[in-house]
Amino acid sequence: MIKSGIFSMLLMGVIAGSCTQPSVGVNYEVISPYAEKVDSVLKLMTLEEKIGQMNQYTSDLQATGPSRKDSTKLEQIRKGRVGSMLNVKGASNTRRFQEAAMESRLRIPLLFGLDVIHGMRTVYPIPLAEAASFNLKLMERTAAAAAKETASEGIHWTFAPMVDVTRDARWGRVMEGAGEDTWYGSRVAEARVRGFQGKSLADTATVLACAKHFAAYGACIGGRDYNTVDISRLTLHEVYLPPFRAAAEAGVATFMNAFNEVEGVPSTGNTHLVREVLKGDWSFNGFVVSDWNSVGEMVNHGLVPDLKGAAYKGVTAGCDMDMESRAYTSHLEELVKEGTVDEAYIDDAVRRILLKKFELGLFDDPFRYCNEQRQQKTVLSLELRQVAREAGAESIVLLKNDNGVLPLKEPEHIAVVGALTDSKEDMMGSWAIEGVREEAITVLQGIKNRYPNSVIAYADGYDLETNQLDLAGAKRVAAMSDIVIVGVGERAYQSGEARSMAHIDVPDSQQQLVKHLKEMGKKVIVLVMGGRPLIFNELEPYADAILMTWWLGTEAGNSIADVLSGDYNPSGKLPMTFPAAIGQVPIYYNYKNTGRPSQPGFMTYTCGYLDQDFRPAYPFGYGLSYTQFEISDPIPSQKEYKKGETVECRVAVKNTGKCAGKETVQLYIRDLVSSVTRPVKELRGFEQVTLKPGEEKEVVFQLHEKELGFYNGNLEYVVEPGEFELMVGNSSDHLKKTVILYN
Ligand code: GLC
């Protein structure tokens, strides 16, 4: 249904002149200053040129999917058959392709897109690591820093933020997102969209952002990438869609379809998702790009018999641009000419795409982003490296610190053991799209930088490829020192796209190594590295301290040394539950109570396992500090609230330890009785408080009515009267509670 609005009237006028009114779900309520310019260009375009705008190819410089050789791309660009290129990097390369577009009849500029997931040349912590910082301003800063570097390389558009909620650590793409919580993932989505897009898309230090993968990709069965998603529509709206809606409401310029099906229909051809929800209910007026070949893959799904059918399904469902499948450029013209597809669908898609090109200023100057001098000045600047270093330190989560073994104050001898600690290529993590491994600071290098006066001895301890243990070498260096820092975990390539793992244990040889080193009577500090929650039960008892250091990017080693030395007091909190056993997965903190609630240990006839305590190794929101904090009971401003009133809850936080630090005070709610069951707790707020020893501050949480709501059985978003528990603490499993009545 086309909604009212001047632009829509204009659109209807244009369309009414040429054909009947399909219910394309087009919604141009936002009156764009470029609306008339877009229409003036559209009127000049042939059908073939319009379809060209909906066609996107990868460059052969780098493929991020199953690619095919095609030497005709430049020629197609010159003929106006291509609207966008991905994987073209550098001001000179983008200029070359843009020059080809300027040879086309209408000289419509190309859009250049790239997966800048956590940085361009300067690589920031992987997004799951950054989510552990619980610092939204920081995530906005790193997105803005990445945008500045990306735009300086002639690129207009990043395929980020990935906002897929996921509860399954077997899925390799957990590294790209913000973890398991819907509400927190929505706040992170907003922050990263703001960072990438800034205040104006016309600013050559900002880029279009892209909310992906729409939708529910993180619910793939078995954690197996690209696998079927089979969830209720209630769960879709309650758990998986909100971060996308938050991105849309934050003004994200584009969306990307997911590979997976939802309710039996692949997302790329899913009219309910894209036309009815995104472009209809949410009034999204940006454009939707398919994922790599996801239009064409609807044939594999068995939804359509051939590429022509895929083109039909994609364009009518609201996928505006076809990445790499060639379905649109091969079949849309025929589909329109034979009357199967109404040209209004094409016009809607092309308007959305042209609108972004105008907003980027590309019609004024197609080469405004292709400035090699600016690129030289911007790329890998000290300013950007400093942002990366700070982000890295804030992303680290301290999981254990027995007897205050950390921070390390200028020890005379330090043994560093573990091939991962000296592996430049692993520091960047997956999707380090232009990171240069030689530029990464390894853990070993970072420790050498921070402790120039200590004697630092290194040993691989295990083979990086085979994990074969080299105990003798490790023991030799450990013997020279009373402090041993051991790096363990998975390889960077073991998380990311098409990197699902059926086992997520730290390799046994690495865990044995920790045991042997402890048995030498050493103080053992374990750095766990990886792109997902890992399981390391065997080494845990032998570690005096454990830090989750993820993959932190270009400045990884310096960030880790900043935390080891106490230059930065760790403040990270887990954005994803760490399972104690793979059999617990999917596991998450906001589970339902069920009729036979889970109990610690084992009790028959309860929601548990015969062979495993149901509780995780480390819960969502958990993370220690070098100091200690005391958090008071939550004090609501009233015991009863009327519908529509804002709930206010005060908490006192005190630093009772010996050093300054930052605590993330978390607020959870529980709707005790409701028309559909609600989780035992749901994060609805957090506040970071930095305190000196002995200092105390009051935190005031405000809960607006909306934050108490949920989708009921009719998919209406409601707030039902009744009792709510309010819970506060520094981890989802360490909470003090009170009850209020909301009528
Ligand atoms: C990949 C990914 C997607 C990425 C796109 C372009 O297959 O699924 O996240 O943006 O292709 O590289």
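Residues numbered from 1 in each chain as written. Predicted model: local features only at pLDDT ≥ 70, side-chain atom pairs only at ≥ 80, totals over all residues. Heavy atoms only, no water.

## Observations concerning the overall build of the protein chain
Then, number 1: Within the protein chain one finds 22 helices and 27 strands.
Then, number 2: At 26 Å, the protein chain has a C-alpha radius of gyration in line with the 27 Å of a compact globule built from 743 residues.
Then, number 3: Once the C-alpha set of the protein chain is aligned to its principal axes, its extents read approximately 80 × 60 × 45 Å.
Then, number 4: Buried residues in the protein chain amount to 62% of all 743 residues.
Then, number 5: Pairs at least 24 residues apart make up 78% of the contacts formed inside the protein chain by residues separated by at least 6 positions.
Then, number 6: If the 80 positive side-chain charges of the protein chain are averaged to one point and the 96 negative ones to another, these points end up 2 Å apart. (Helix = DSSP H or I, 4+ residues; strand = E, 2+ residues; numbered from the N terminus. Rg over C-alpha atoms; globule rule 2.2 N^0.38 Å. Buried < 20%, exposed > 50% of the residue type's maximum accessible area, 1.4 Å probe, protein only. Contact = heavy atoms within 4.5 Å. Lys, Arg positive; Asp, Glu negative; His and termini not counted. Charge placed at Lys NZ, Arg CZ, Asp CG, Glu CD.)

## Focus on the packing of aromatic side chains
Then, number 1: Under the defined criterion, the tally for this structure stands at 26 aromatic pairs.
Then, number 2: Centre to centre, the rings of Tyr226 and Phe259 are 5.1 Å apart; their planes meet at 90°, and the pair counts as edge-to-face. With Tyr226 in the loop between strand E5 (210-214) and helix H9 (233-240) and Phe259 in the loop between strand E6 (254-257) and strand E7 (261-262), the pair connects residues that are 33 residues apart, well separated along the chain.
Then, number 3: Owing to a relative accessible area of 37%, Tyr226 belongs among the partly exposed residues under this scheme.
Then, number 4: Under the relative-accessibility criterion, Phe259 is labelled buried at 7%.
Then, number 5: An angle of 75° between the planes, with centres 5.6 Å apart, marks the rings of Tyr589 and Tyr668 as edge-to-face. Of this pair, Tyr589 sits in the loop between helix H22 (556-564) and strand E17 (629-631) while Tyr668 is found in strand E21 (residues 661-671), placing the two residues 79 residues apart along the sequence. A single burial state applies to Tyr589 and to Tyr668, both of which are buried.
Then, number 6: Here the aromatic cluster, defined as three or more aromatic residues joined through ring pairs, consists of Phe134, Trp183, Tyr184, Tyr589, Phe620, Tyr668 and Phe686. (Phe/Tyr/Trp six-rings, centres within 6.5 Å; stacked < 30°, edge-to-face > 60°.)

## With respect to helix H7 (residues 136-152)
Residues separated by three or four positions in an α-helix point in the same direction, a consequence of the helix having 3.6 residues per turn.
Then, number 1: For H7, which comprises 17 residues, the first-to-last C-alpha distance of 24 Å matches the rise-based estimate of 24 Å (1.5 Å per residue) to within 8%.
Then, number 2: For H7, the set of buried residues is Leu138, Met139, Thr142, Ala143, Ala145, Ala146, Ala147, Glu149, Thr150, Ala151 and Ser152.
Then, number 3: For H7, the elements touching its buried residues are helix H5 (91-101), helix H6 (127-131), helix H8 (182-197), helix H16 (372-378) and helix H17 (382-395).
Then, number 4: With a side-chain oxygen lying 3.2 Å from the backbone nitrogen of Lys137, the N-terminal cap of H7 falls on Asn135. (Expected span 1.5 Å × (residues − 1). Polar contact = N/O pair within 3.5 Å; in protein donor to acceptor, adjacent residues only side chain to side chain.)

## A few points about the site of the ligand
Then, number 1: If you check the shell around the ligand, you find 13 residues, and the closest are Thr64, Asp115, Arg173, His213 and Asp291.
Then, number 2: The side chain of Asp115 places a nitrogen or oxygen atom 2.4 Å from an oxygen atom of the ligand.
Then, number 3: Side-chain polar atom of Glu497 to an oxygen atom of the ligand: 3.0 Å apart, as the coordinates give it.
Then, number 4: With the chains in place, 99% of the 310 Å² that the ligand exposes on its own is no longer accessible.
Then, number 5: Its residues assigned to classes, the shell around the ligand comprises 6 nonpolar, 2 polar and 5 charged. (Near = heavy atom within 4 Å. Areas by Shrake-Rupley, 256 points an atom, 1.4 Å probe, with all protein chains shown as cover. Nonpolar A, V, L, I, M, F, W, Y, C, P; charged D, E, K, R; others polar.)

## Some words on the environment of Ile456
Then, number 1: With respect to the helices and strands, Ile456 occurs in strand E13 (residues 455-459).
Then, number 2: Each C-alpha atom, one on Ile456 and one on Leu444, is 8.8 Å from the other, the two residues being 12 residues apart in sequence.

## Notes on the domain arrangement of the protein chain
Then, number 1: Taken domain by domain, the protein chain consists of domain 1 (4-116 + 155-374), domain 2 (381-584) and domain 3 (629-742).
Then, number 2: For domain 2 versus domain 3, the distance between C-alpha centres works out to 34 Å.
Then, number 3: Listed by partner, the interface residues are 5 residues for domain 2 and 8 residues for domain 3.
Then, number 4: Summed over both partners, the interface of domain 2 with domain 3 comes to about 440 Å²; 39% of that surface belongs to carbon and sulfur atoms.
Then, number 5: Our count for the contact surface shared by domain 2 and domain 3 stands at 2 salt bridges. (Domains from an automatic or database assignment. Buried area = accessible area lost by both parts, 1.4 Å probe. Salt bridge = Lys/Arg side-chain N within 4 Å of Asp/Glu carboxyl O.)

## Notes on helix H21 (residues 508-518)
Then, number 1: Among the residues of H21, those classed as buried are Ser509, Gln510, Gln511, Leu513, Val514 and Leu517.
Then, number 2: Lining the buried residues of H21 we find strand E12 (413-417), helix H20 (471-479), strand E14 (483-489) and strand E15 (523-529).

## What to know about unusual backbone geometry
Then, number 1: Across the junction of Ala160 and Pro161, the peptide omega takes the value 10°, indicating a cis bond.
Then, number 2: Mapping Pro161 onto the fold places it in the loop between strand E4 (157-158) and H8.
Then, number 3: Between Lys212 and the following residue, His213, the backbone shows a cis peptide bond with an omega angle of -5°.
Then, number 4: Relative to the elements of secondary structure, His213 occurs in strand E5.
Then, number 5: In the Ramachandran plot, Glu410 falls in the positive-phi region, its phi being about 30° despite a non-glycine side chain.
Then, number 6: With phi around 65°, Leu715 is a residue other than glycine that occupies positive phi space.
Then, number 7: Its place among the elements puts Leu715 in the loop between strand E24 (710-711) and strand E25 (717-718).

## Some remarks on the sheet that holds strand E3 (residues 111-114)
Then, number 1: Spatially, 5 strands are ordered E4-E3-E2-E1-E10 in an open sheet, and the strand pairing comes out parallel. Here the strands that pair on one side only, and so sit at the sheet edges, are E4 and strand E10 (322-323). (Pairing = 2+ DSSP bridges.)

## What to know about the nonpolar core
Then, number 1: Of all hydrophobic cores here, the largest spans 175 residues; its most connected members are Phe214, Phe255, Ile346, Leu406, Phe536, Trp550 and Leu564.
Then, number 2: Per-element tally for this core: the top contributor is helix H15 (residues 343-359), with 8 residues.
Then, number 3: There are two domains that each give this core at least three residues, and those are domain 1 (4-116 + 155-374) and domain 2 (381-584).
Then, number 4: If we skip the residues at most four places from it in the chain, Phe255 touches Cys210, Ala211, Phe214, Phe244, Ala248, Leu278, Trp282, Phe284, Phe287, Val288 and Val289.
Then, number 5: The next biggest cluster of nonpolar side chains, apart from the first, holds 22 residues, and it includes Cys649, Val699, Phe701 and Leu703. (Core = buried A, V, L, I, M, F, W, Y, C linked by side-chain atoms within 4.5 Å.)

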